[in-house]
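What follows is each chain in one-letter form.
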Amino acid sequence: MALNKYMHPRNLYKDKAPNFKTLAEKYPDFAKCVFKDLKGKCHLDYKSPTSLRQLAIALLKEDFDLEVEMPLNRLIPTIPLRLNYILWIEDILKELTDVKGKGIDIGTGATCVYPLLGCKKNNWEFLASEVDETNFTIAEKNIHKNNMQEKIKVKKVSGKTALLELLEGNSDQFDFCMCNPPFFADHMDAQAIMSSRTDDRPEPSSINTASVGESITEGGEAEFIKKIIVESVDLQGRIKIFTSMIGKKTNIPLVKKELRDHKIPNYQTTEFCQGKTMRWGIAWTFDTSVIFPRSLFQETKKSRKLSLPLTFEVPQSAVSVYDVDHVANKVMKMLKVLQIENFKSVDSKTKTVHLKLTAFKNTWSHQRRKRREMKRRGEEQTSEGTEVKKLKVTENFTEREKSDKQLENSCEKCQESPCNQGEREVTSVSDFNDDQTFKGKKIEEKVNKSGDGEKAANQGASSSKDNVVPYVTGDSLSEEDKDQFLVKCDMFIKIASDSISLEMVYREGQKDQMHQILQYLKNHITD
Ligand SMILES: C[S@@+](CC[C@H](N)C(=O)[O-])C[C@H]1O[C@@H](n2cnc3c(N)ncnc32)[C@H](O)[C@@H]1O
């Protein structure tokens, strides 16, 4: 299921979808809803209220040892989503001191699902409200069925307020309140939302059995949550953390605005992901010392994105012999020029070369600017009668700048010039510190004196025609430079079908620097 990878990590359905076959063997009423395909695999009709009900009943019994009854004409709770909400509350409470384990559930529904789960899992106590007579009666039954009447109380309310009426005549302190508010503003809203589905947002895979009172509230869920926010101002001494589920993403900014309007600065949203459905949660408190857990969805998404490898197919023209060893040697020489530390290991089975890279200093970007600077300084020096040789460098840079421009235009990531991705095209050799001219001089001397090894390294980073383009060797980093690294990543050079690929996998530090290093290698590997 698309969103399951973002489910709460402690959600037991994250990596283990309910096994219909096993459930059918244990629960006869559920078995009646299951049908088998030609291969004998069990399926469920998610459009059938009876099937959904029997699945929820079976899961609550199987995974939480909870006995419940649910009317077919009331909302049937999807258990993975309800569990995600409970797990988020657990995470919030972990950050608090002096937790009593007491919560409020606004509009508990017939199943009384949050109090039953919270009480069973965490031994929490609940005060719940319900406006609907049928829901109220069945919620009470479900509490008794599970012998939780000491822990869970439900109060029938008029629905004029969200919390105030529930707390009348009660002086308890609560750690949190939770709510799955009625969703729609009116029938038109419900109709519009159900019929606004596109290919991107297909038909819901399951049926909504909620009654009018359960799913429709004046102004929709945003107004309902606003009501809780307004009341929370008066109740801040009684309830530490206020939370609500949000069903429509577009309501999040409205709710946040209401919080800001009431000068409530400490709030946090989260995502509840399950199957194909995403819902959101919002939590707020008047206690500024509370630190809410960060959104797991955003963190997981970010770390998944970060772990995707960047790949590059090495062209045949990069090396004289097109094999992994030659490519690896060439790349290592380029890394030496860039002063990127690398540790090599080889997987002899797959013939893959693994280089563990650590870059301490950006030696690969802003080269045009730096060469222009060098050119200027070269001219200054020449006018003072020093080093005529620098003029050659100047001329060559002009040529080089042209080719750099072309390279810049070819930024593969954004296809724009200048690159707008914050991962600017990288072009030439090194980041010559501040005293470019001095380094240039020093390097020229090196070129003049250097043996084959250094010349070979130079080829890795500069045009063979342009052998006066300076370079620095990898041994010139100061201890200070090495104290802080820019980025660490792994590079794999391997055979991929009939070509050799270079793959970079991010480890730590600034990921955009890894993009730049790869771009540099792409631009210069055929030099
Ligand atoms: C979307 S349902 C949620 C039911 C249950 N909490 C769940 O998540 O499955 C909303 C519930 O709130 C109840 N409700 C609506 N307005 C209410 C109010 N002002 N006070 C208490 N309950 C209310 C409805 O009757 C309904 O049972």
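Since we're looking at a predicted model, the values are computed, not measured. (Residues numbered from 1 in each chain as written. Predicted model: local features only at pLDDT ≥ 70, side-chain atom pairs only at ≥ 80, totals over all residues. Heavy atoms only, no water.)

Q: Any chance you could break down the UniProt feature "binding site: S-adenosyl-L-methionine" (unreviewed entry) in the protein for me, citing the residues and the numbers?
A: Per the UniProt record, the feature "binding site: S-adenosyl-L-methionine" (unreviewed entry) sits at Arg-82, Gly-107, Glu-130 and Asn-180. Position of Gly-107 among the secondary structure elements: in the loop between strand 3 (102-106) and helix 5 (113-122). With sequence-adjacent residues up to four places away left out, Gly-107 is seen in contact with Ser-129 and Glu-130. Assignment of secondary structure puts Asn-180 in the loop between strand 6 (174-179) and helix 8 (187-195). (UniProt positions renumbered as here; feature names shortened; annotations may be inferred. Helix = DSSP H or I, 4+ residues; strand = E, 2+ residues; numbered from the N terminus. Contact = heavy atoms within 4.5 Å.)

Q: Outline the pattern of salt bridges, listing residues and values.
A: Under the counting rule described, the total for this entry stands at 20 salt bridges. Here Lys-141 makes a salt bridge to Glu-69, at a shortest N to O gap of 3.6 Å. Remark: Glu-69 occurs in the loop between helix 3 (49-64) and helix 4 (79-94) and Lys-141 occurs in helix 6 (residues 133-145); sequence separation between them is 72 residues. We classify Glu-69 as partly exposed; its relative accessible area is 26%. Residues Glu-90 and Lys-121 are paired through a salt bridge, measuring 2.5 Å at the closest nitrogen-oxygen approach. Taken together, the positions of Glu-90 in helix 4 and Lys-121 in helix 5 put the pair 31 residues apart, joining distant regions of the chain. Looking at Glu-90, the relative accessible area reads 11%, which means it is buried. (Salt bridge = Lys/Arg side-chain N within 4 Å of Asp/Glu carboxyl O. Buried < 20%, exposed > 50% of the residue type's maximum accessible area, 1.4 Å probe, protein only.)

Q: Give a detailed account of the environment of Tyr-46, specifying residues and quantitative values.
A: With respect to the element layout, Tyr-46 can be found in the loop between strand 2 (42-44) and helix 3. The exposure class of Tyr-46 is partly exposed, given its relative accessible area of 31%. Separated by 162 residues in sequence, Tyr-46 and Asn-208 place their C-alpha atoms 10.0 Å apart.

Q: Provide a residue-level description of the site of the ligand, including the pertinent values.
A: Taken together, 22 residues form the shell around the ligand, and within it Arg-82, Gly-107, Glu-130, Asn-135 and Asn-180 come nearest. At 3.3 Å from a nitrogen atom of the ligand is found a main-chain nitrogen or oxygen belonging to Thr-161. Between Asn-180 and the ligand, the recorded distance is 2.9 Å, taken from a side-chain N or O atom to an oxygen atom. Taken by itself the ligand offers 590 Å² of open surface, and the protein chains cover 95% of this. For the shell around the ligand, the elements supplying multiple residues, two or more each, are helix 5, strand 4 (125-130) and helix 9 (212-215). (Near = heavy atom within 4 Å. Polar contact = N/O pair within 3.5 Å; in protein donor to acceptor, adjacent residues only side chain to side chain. Areas by Shrake-Rupley, 256 points an atom, 1.4 Å probe, with all protein chains shown as cover.)

Q: For the sheet that holds strand 14 (residues 499-509), give the residues involved together with the corresponding values.
A: Read from one edge of the open sheet, five strands run 10-14-13-12-11, paired in antiparallel fashion. At either end of the open sheet lies a strand with only one pairing partner, and these are strand 10 (310-314) and strand 11 (340-347). Across this sheet, the average inter-strand angle for adjacent strands is 20°, counted without regard to direction. Pairing between strand 10 and strand 14: five bridges, direction antiparallel. (Pairing = 2+ DSSP bridges. Axes fitted to C-alpha atoms, helices over the stretch in contact; angles between N-to-C directions.)

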